[in-house]
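Given next are the chains, with one letter for each unit.
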Amino acid sequence: MQTDIARLLLLYTGGTIGMMPSERGYTPVSGYLERQLEAMPQFHDKTMPRLTTPPSRFGKRIRYDVLEYAHPIDSAYMDVQDWVQIAHLIEQHYDAYDAFVILHGTDTMAYTASALSFMLEDLAKTVILTGSQIPLSQSSNDAIENLLGAMTLAGHYEIPEVCLFFRGHLYRGNRTQKVDAAGLQAFDSGNLPPLATTGTHIQVDWDLIRSVPRKPFRVQTITNRDVAAVRIFPGIRADALANFLKPPIQGLVLETYGSGNFPANRLDLMEVLRLATERGVVIVNCTQCHKGMVNSDYAAGSALYDVGVISGSDMTPEATLTKLAYLLSQDLPTDEIKQQMQRSLRGERSEPQNQTRFSFRERAFLDSVARTISSIASSDDKVHLERTLYPVLLCAASEIGDLEGIQRMLDDGADINARDYNGRTPLHVAAAAGQAHTVQLLLQHGASPLVADRSGRTPIDEAHLHQHPDVIALFK
Ligand code: ASP
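Residues numbered from 1 in each chain as written. Predicted model: local features only at pLDDT ≥ 70, side-chain atom pairs only at ≥ 80, totals over all residues. Heavy atoms only, no water.

**Student:** When you look at the sheet that holds strand β16 (residues 251–256) in this model, what are you seeing that I'm missing?
**Tutor:** Paired through backbone hydrogen bonds, the strands of a sheet run either parallel or antiparallel to each other. The strand order β15-β16-β17-β18 describes an open sheet built from 4 strands, whose pairing is parallel. The sheet terminates laterally at β15 (227–231) and β18 (310–311), the two strands that pair on one side only. Across the sheet, helix α9 (residues 334–341) is in contact with β17 (282–287) and β18; its angle to β17 comes to roughly 15°. (Pairing = 2+ DSSP bridges. Helix = DSSP H or I, 4+ residues; strand = E, 2+ residues; numbered from the N terminus. Contact = heavy atoms within 4.5 Å. Axes fitted to C-alpha atoms, helices over the stretch in contact; angles between N-to-C directions.)

**Student:** What should I look at first to understand the pairing of strand β5 (residues 99–103) in this one?
**Tutor:** Of all 5 residues that make up β5, 5 are buried, and the element is covered over most of its length. Alternating positions in β5 separate into two faces, A99, V101 and L103 on one and F100 and I102 on the other, with burial throughout. Looking at chain direction, strand β1 (residues 4–14) and β5 are connected through 5 bridges and run parallel. Within the sheet, the bridge partner assigned to L8 lies in β5 and is A99. When β5 meets strand β7 (residues 126–130), the two strands line up parallel, connected through 5 bridges. Considered in β7, the bridge of F100 is made with V127. (Buried < 20%, exposed > 50% of the residue type's maximum accessible area, 1.4 Å probe, protein only.)

**Student:** Looking at this structure, I do not really get the nonpolar core. What am I missing?
**Tutor:** Most often, soluble globular proteins keep nonpolar side chains buried together rather than apart. Residues I90, L116, L120 and M341 are the most contacted members of the largest nonpolar core, which totals 52 residues. Excluding anything up to four places from it in sequence, L116 contacts W83, I86, A87, I102, L129 and V162. (Core = buried A, V, L, I, M, F, W, Y, C linked by side-chain atoms within 4.5 Å.)

**Student:** How do you make sense of the packing of aromatic side chains when you look at a structure like this?
**Tutor:** For the structure shown, the criterion picks out 6 aromatic pairs. Relative to F100, the ring of Y94 has its centre 6.4 Å away and its plane inclined at 10°; by these criteria the two rings are stacked. When the centroid spacing of 6.2 Å and the interplanar angle of 65° are considered together, the rings of Y97 and F100 count as edge-to-face. In terms of burial, Y97 and F100 fall into one category: buried. A connected cluster of aromatic rings, assembled from ring pairs, spans Y94, Y97, F100 and F217. Positioned over the ring face of Y94 is K125, at 4.8 Å from the centre of the ring. In this arrangement the basic side chain of R457 is found over the ring face of F58, its NZ or CZ atom lying 5.8 Å from the centre. (Phe/Tyr/Trp six-rings, centres within 6.5 Å; stacked < 30°, edge-to-face > 60°. Lys NZ or Arg CZ within 6 Å of the ring centre and 35° of its normal.)

**Student:** Please clarify how the confidence of the model for the chain should be interpreted in this entry.
**Tutor:** Detailed reading of the predicted coordinates is not advisable wherever pLDDT falls low. Residues with a pLDDT of 70 or more make up 95% of the chain, whose mean pLDDT is 92. In the predicted structure, residues 354–358 sits below a pLDDT of 50 and forms 1 contact with residues beyond four places in sequence or in another chain. (pLDDT = per-residue confidence, 0-100.)

**Student:** I keep staring at the packing of helix α2 (residues 80–93) against helix α3 (residues 109–119) and nothing clicks. Help me out?
**Tutor:** The angle between the axes and the distance between the axes are what describe a pair of packed helices. Remark: α2 packs on α3, axes separated minimally by 10 Å, with the N-to-C direction vectors making an angle of 50°. The orientation of α2 with respect to α3, classified from their angle, is oblique. Taken as a pair, α2 and α3 cross one another with a handedness that is right-handed. Counted together, W83, V84, I86 and A87 of α2 and Y111, T112, A115, L116 and M119 of α3 form the full contact between these two elements. Of the residues belonging to the contact of α2 with α3, the class tally is 8 nonpolar, 1 polar and no charged. (Parallel < 35°, antiparallel > 145°, perpendicular 65-115°, else oblique. Left-handed = near helix turned anticlockwise from the far one by under 90°. Nonpolar A, V, L, I, M, F, W, Y, C, P; charged D, E, K, R; others polar.)

**Student:** Quick question: what am I supposed to make of empty space enclosed by the protein here?
**Tutor:** Take a probe with the size of a water molecule and roll it over the atoms, and the empty space left behind shows itself. Enumeration according to the criterion identifies 1 cavity of 30 Å³ or more in this entry. Estimated volume of the largest cavity: approximately 60 Å³. Considering the residues around the largest cavity, the lining is formed by R175, Q177, G190, N191, T287, C289, H290, G292, D314, M315, T316 and P317. Among the residues forming the lining of the largest cavity, the class breakdown is 3 nonpolar, 7 polar and 2 charged. (1 Å grid on protein atoms, 1.4 Å probe; cavity = no way out; pocket = protein on both sides within 12 Å on 5 of 7 lines; lining within 4 Å. Points joined across faces, edges and corners; volume = space filled by probe spheres on them.)

This is the structure we're talking about:
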């Protein structure tokens, strides 16, 4: 296996991971992290002139530079200008690196991840935030595991999103919340499964990962800080709520009970909300619960929509607050902001599913699409449809081992080595899924085991990565 190198920028903003004990408790220390990494064999191969990891089992090294905040901070000190600074640093170094890992304190990591996800528009590279609950300076820590995991994912996979990696789980950043003040499983993403998990092998859920944007990357900074969040509690005073909504506030995250319920019998509170929305304040209803979404199942919740509050669906308060700030920073009419709040911009909220969804994993669906294509008479349309759909359909059929479906598409002229939007061929997918019969069929029809996908991996690599000895044997 030839050794190739991924170029990674490691940005240290502060947080426990690089802290040292002091008289007043843990505090970040400039320069410590880089010195420490240089001395650790997992993070630096001493035979290499610059900070470079030893080769991974895919034969890939990660060459990285550490860029440290002039004064690394506890993330409790993070402010809007820090988010902007991080976004600009990524912008400045965007072309020079393949991926970015941001070391950050855990306390406000979910906010920074959410804010960055909006500010980094049309992001085509992997950005991962991580940190730790125990500093690297302590002999037993979670810092090594988290940093190594984040660097490995960033160095090997092209995941064009702002992610957060912690304790073996890669999450979409704007779906995360800190859920444990001390435990090592400090983060969770209540409404979206992890994008990837690491363990004996790495499992990436490609169906969840957003596709690479077509437009060029750009940074749209957050400049508006006229937003607030209020957690409703029994007995809340109307003037307390009114204070939160006073000018210059333009956006409010209203954290309500359960599935979006509010004390709608309190006319004084309802009046405060109505007056604010009439003034143009954008008020978004979010649940206080870590899992689930707001809906109009109860009268106690639906009354809010009558006074102009909008639904935050299953967005976290962190994502809702930063999304409001991001949209309010642009010169948009209030209606447009409300519309965008109710749409997914970066996968931060689930799209409404009022239509029956067909899964690419259903044989009947694959079959009916493939049959429709093959029955089209006009040759121009047919060629166009085949080119667009067959690669995706073949990959989907390969994942579920639909031999009949694959055979039919191949008989109809589908290209066996065509790639889907991740540059993966049907053989990549079948090898990763351990579909030995499918691998055999594809190889018999001339599928190439050596083509690399967008992350540089071949079908053979996939079989090794996912540990499918029967598939590996077929390749041999
Ligand atoms: N207070 C620390 C911070 O957020 C906690 C941590 O890093 O885990 O910076």
